Amino acid sequence: MDQLNSRAYLDLWEALDAQLDAVHARNGLGGALWSLHEHQVQSGFIQDDLSSLRRFLLPCPTDPERGFSAQFNPARGRRFRGAGPIQAADSDLSINGGCFLCAENIWWQQQGAEIGYRLRPAQGRYTAWMNPFPILPGHAVIASREHWPQHWQAPGGLSLHELTADLSTFSALLPGWLTFYNGVGAGASIPHHLHFHVVPRAPGYEIMPLEAAARRCPQSDRVLWDYPLSFMHWGGPHQQVLPEAQAWMAQWQAESGSEADATANIIASTSASADRLDLYFIPRHQRRFRGEGLAGIIGGFEALGEIVCSSAEDLRRLESGEVDYATVTSLLRHVSVAF
Ligand SMILES: [Zn+2]
């Protein structure tokens, strides 16, 4: 792309930001992200309409209150092309090894079709991009504008304290959505650039299995063993939940979280009425990033209780009933870390 086209891209971007800021002011951040989604379908960047996605419910055979689910989503199998650097067609244009989340690369990699929304909250340090491999319709990625590392332990990255605050900020602006952070070795497909996932809840996703487990123990609000994956949960008003969680995480970092390969999933969900934040912290181990028996990696969405499968072999096993409630229980148990 020559200088003239790059200028045109930047002009287009400024106009889109202004348009989306207006939608944001009128209909909230969720409305603005749906407008961005619409724009990205029109531009041709989003091509997968998820028509090939199939969902399989995996109820618990002994307790009707429990269950997991699995989705067959063949496009997701292609996303790990983002895990390593690629060769730029014109290496003069490439920065940071061709990183797929650096805006400077995105405009030449996607020939101008992909454009984001430069967000003003959280000190204006993030841009929202639509995920080309969505797990549900409207799935967006909120990435730092700077090429900061995903991992809080990496030099130059945000601290765990800061990135949890930023995730909670976006959750508060997206009532009813699921928002999550996947640490390096805990489902992050682009480990070298900080990003969060924000996903509108589709019908059938009103309460996910991890959330249901937290509700079964309303008094504890702390470590729960009523789920194959051990996790922490805090629920209540935003201004109360965030500092409580941050204080706990500081303690965790001083103890078991200080290990070099300690990582985590963090999930934040603000109620549709916007008066309650639920925050979940799932400690993980970088060497245990996938469960045994299925091809996929366990990230925040899987931790919530829906396994994402993309291979033909996984589809065969889902259709034949070989993958069931016990399979998912065992997958999650396999990556669970005591703390
Ligand atoms: Zn980058």
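A short tour of the structure in this document, coming up. (Residues numbered from 1 in each chain as written. Predicted model: local features only at pLDDT ≥ 70, side-chain atom pairs only at ≥ 80, totals over all residues.)

### Concerning the overall build of the chain
Across its full length, the chain holds eight helices and 11 strands. The buried share of the chain, reckoned over its 339 residues, is 41%. Restricting to contacts in the chain with at least 6 residues of sequence separation, those with at least 24 account for 63%. (Helix = DSSP H or I, 4+ residues; strand = E, 2+ residues; numbered from the N terminus. Buried ≥ 20, exposed ≤ 12 C-beta atoms within 10 Å, placed from the backbone. Contact = placed C-beta atoms within 7 Å.)

### Here's the deal with the packing of helix α3 (residues 160–173) against helix α5 (residues 238–254)
Close contact between α3 and α5 brings their axes to 10 Å; oriented N to C, the two are set at 155°. In this view, α3 runs roughly antiparallel relative to α5, as classed from their interaxial angle. By crossing handedness, the relation of α3 to α5 is classed as right-handed. Of the residues in α5, those touching α3 at Leu 160, His 161, Thr 164, Ala 165, Ser 168 and Ala 172 are His 238, Leu 242, Ala 245, Gln 246, Met 249, Ala 250 and Gln 253. Of the residues assigned to the contact of α3 with α5, the class counts are seven nonpolar, six polar and no charged. (Axes fitted to C-alpha atoms, helices over the stretch in contact; angles between N-to-C directions. Parallel < 35°, antiparallel > 145°, perpendicular 65-115°, else oblique. Left-handed = near helix turned anticlockwise from the far one by under 90°. Nonpolar A, V, L, I, M, F, W, Y, C, P; charged D, E, K, R; others polar.)

### Some thoughts on unusual backbone geometry
Residues other than glycine seldom take positive phi values, yet Ala 122 does so here, at roughly 55°. With respect to the helices and strands, the residue Ala 122 is situated in the loop between β3 (117–119) and β4 (126–130).

### Comments concerning the sheet that holds strand β1 (residues 54–59)
Taken together, three strands build an open sheet; the order of strands is β1-β2-β11 and the sheet is mixed. Two strands close off the open sheet at either side, each with one partner strand: β1 and β11 (306–309). Strand-to-strand twist across the sheet, computed as the mean angle between neighbouring axes with direction ignored, equals 20°. Pairing geometry for strand β2 (residues 67–72) and β11, over four bridges, is parallel. Directly across from Ser 69, in β11, lies its bridge partner Glu 306. (Pairing = 2+ DSSP bridges.)

### Comments concerning the sheet that holds strand β5 (residues 140–144)
A sheet is described by the order of its strands in space; here eight strands give the open sequence β3-β4-β5-β7-β6-β9-β10-β8, paired in antiparallel fashion. Of all strands in the sheet, those with a lone pairing partner are β3 and β8 (232–236), marking the two edges. Going across the sheet, the axis of each strand differs from the next one's by a mean of 20°, ignoring polarity. Bridging between strand β9 (residues 262–270) and strand β10 (residues 277–285) involves nine bridges; their strand directions are antiparallel.

### So, the environment of His 193
Turning to its location among the elements, His 193 is positioned in the loop between β6 (177–182) and β7 (195–200). His 193 gets classed as buried once you count the C-beta atoms within 10 Å, which come to 20. When the C-alpha positions of His 193 and Pro 149 are compared, they lie 4.7 Å apart, and in sequence the two are 44 residues distant. Ignoring anything within four residues of it in the chain, the contact list for His 193 reads Cys 99, Leu 101, Cys 102, Ala 143, Ser 144, His 147 and Gln 150.

### Section: α3
Over its 14 residues, α3 runs 20 Å from end to end, which matches the ideal 20 Å to within 8%, given 1.5 Å per residue. Among all positions in α3, only Leu 160, Leu 163, Thr 164, Asp 166, Leu 167, Ser 168, Phe 170, Ser 171 and Leu 173 are buried. (Expected span 1.5 Å × (residues − 1).)

### Let's talk about the nonpolar core
Grouped together as the largest cluster of nonpolar side chains are 84 residues, with contacts concentrated most on Ile 142, Leu 210 and Phe 281. In this view, Leu 210 contacts Tyr 227, Phe 231, Tyr 280, Ala 303, Leu 304 and Gly 305; residues no more than four positions away in its chain are not counted. (Core = buried A, V, L, I, M, F, W, Y, C linked by C-beta atoms within 7 Å.)

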